[in-house]
Amino acid sequence: MKYNKEYSSPSELISILQSRGLDCSDIDNAIDILSSIGYYRLSGYFYPFLLTPKSEHIFKPGSTLGNALMLYEFDRELRQLVFNQIERIEVAVRSAIVNIACAETNDVFWLTNRTHFANADKFEKTMSLIDKELQTSREDFITHFKQTYEDQYPPSWMIAEIIPLGTLTRIYDNIASNRIRKKIAKHFCLTIPVFMSWMTVVTLTRNSCCHHARLWNRSLSLRTLTMTRPLTPWVSSNVRQGRIFFTLCILKHFVDIIWRNNGFKNYLIALLDKYPMVDIAAMGFPSGNWQDEPLWSTQS
């Protein structure tokens, strides 16, 4: 089927929304709001207010543009909260991989040394990415290294600062020494497979936050591994995978290890209290009091 929809101006889109039953009178500058956010981005927040079948795009009685905007603002603040935790995790993971591998291999250039990796093809692919990052990097410490030293590559801790998190995770997965990979995973109280699985979730969520993608009710099709015998407090089996609450649980596991008294739980509670109209069941929160879950029962 060929795409045949035509462009509609913000004022025309407001008229379309009103014809479908959305009350826009609670927002004085509705056209300006739609212009600044964009209809396509905002349409994802209309979904909970649509009658079934959703494909007919008819709004439930009492639905307002203000309610959709409130949901949009909640999601924006949720992304900010999530990204703050991911920043801590990313920095800590970079540090752990570099420090532990340097200490275990006694090689400050281990990250660019083929002998430390299991798969040659994967190593060459990551080296291509590293070369590209080194060519384009404008970081002062990279410029200083190139101007000062004759070595082809900087030490591993410098390279780890300029490559994407996903690349660093793939480098970890290709480390030949199972002992080193196990020691890094154990640093975060995880096994190797679970660490890899959870870092994939962290990376995907990071990318969603960076692209300002809808987060609050997004469904993640990736099946996540979990610890059969958790080394730290975890959640019960009735917590659904694939929803943002499960991702929040993964983030809390990491940040509780990285930084005690991090305040993540209190920030999350404050955000949910600020937007009581948000359906947390759609976010994957379990029935009952989610704060009673062992992972969330602490004050941090």
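Structure: above.
Sequence positions are assigned chain by chain, starting from 1 and proceeding in written order. In view of the model being predicted, local features appear only for residues whose pLDDT reaches at least 70, and side-chain atom pairs are presented and counted only at 80 or more, with totals across whole chains, interfaces and linings using the full set of residues. Hydrogens and water are ignored here; the side-chain numbers use all heavy atoms of the structure.

Caption draft 1: Quick look at the pattern of salt bridges. Here, a salt bridge means any Lys or Arg side-chain nitrogen found within 4 Å of an Asp or Glu carboxyl oxygen. Applying the stated rule across the entire model yields nine salt bridges. Residue Arg 79 pairs with Asp 75 through a salt bridge whose shortest N-O separation is 3.0 Å. Residue Arg 79 and its partner Asp 75 are both found in helix 4 (residues 65–105); the two are separated by four residues, about one turn of the helix. Only protein chains enter the accessibility calculation, which uses a 1.4 Å probe. A residue is then buried if its area is under 20% of the maximum for its type, exposed if over 50%, and partly exposed in between. Since its relative accessible area comes to 7%, Arg 79 is described here as buried. The closest approach of N and O atoms between Asp 256 and Lys 252, which form a salt bridge, is 2.6 Å. Separated by four residues within a single helix, Asp 256 and Lys 252 lie in helix 11 (residues 244–258), roughly one turn from each other. Within this structure, Glu 90, Arg 94 and Arg 206 form a network of salt bridges that share partners. Numbering goes from the N terminus for both helices and strands, where a helix is a DSSP run of H or I of at least four residues and a strand is a run of E of at least two.

Caption draft 2: Layout of the nonpolar core. Among the nonpolar cores identified, the biggest contains 95 residues, and Leu 65, Phe 74, Phe 195, Phe 254 and Trp 296 are the most heavily contacted of them. Note on contacts: a residue pair qualifies if any of its non-hydrogen atoms lie within 4.5 Å across the two residues. The contacts of Trp 296, once residues within four sequence positions are left out, are Val 235, Phe 245, Leu 248, Cys 249, Lys 252, Phe 264, Lys 265, Leu 268, Trp 290 and Gln 291. Among the buried residues, those of types Ala, Val, Leu, Ile, Met, Phe, Trp, Tyr and Cys that are joined through side-chain atoms within 4.5 Å form a nonpolar core.

Caption draft 3: Spatial organisation of helix 2 (residues 30–37). Ala 30, Leu 34 and Ile 37 are the residues of helix 2 that are buried. Angularly, the buried residues of helix 2 cover 75 degrees about the axis, an arc narrow enough to put them on a single face. Exposed residues lying more than 90 degrees from the buried face of helix 2 are Asp 32 and Ser 36. Of the surrounding secondary structure, the elements contacted by the buried residues of helix 2 are helix 1 (10–19), helix 3 (39–43) and helix 4. Once helix 2 ends, the next one or two residues include Gly 38, with phi positive near 100 degrees. For this quantity, the arc is that covered by the directions from the helix axis to the C-beta atoms.

Caption draft 4: Examining the layout of surface pockets more closely. Think of a 1 Å grid over just the protein atoms. A cavity is a set of points where a 1.4 Å probe fits yet cannot get out, a pocket is an open set with protein on both sides within 12 Å along at least five of seven lines, and lining residues have an atom within 4 Å of a point. Grid points are joined across faces, edges and corners, and a volume is the space filled by probe spheres set on the points. Considered as a void within the structure, the largest pocket measures approximately 680 Å³ in volume. Lining the largest pocket are 22 residues, and of these Lys 5, Leu 13, Arg 20, Tyr 39 and Ser 43 lie nearest its centre. If you list the elements that add at least two residues to the lining of the largest pocket, you get helix 1, helix 2 and helix 3. Ranked by residues supplied to the lining of the largest pocket, first place goes to helix 1 with four residues.

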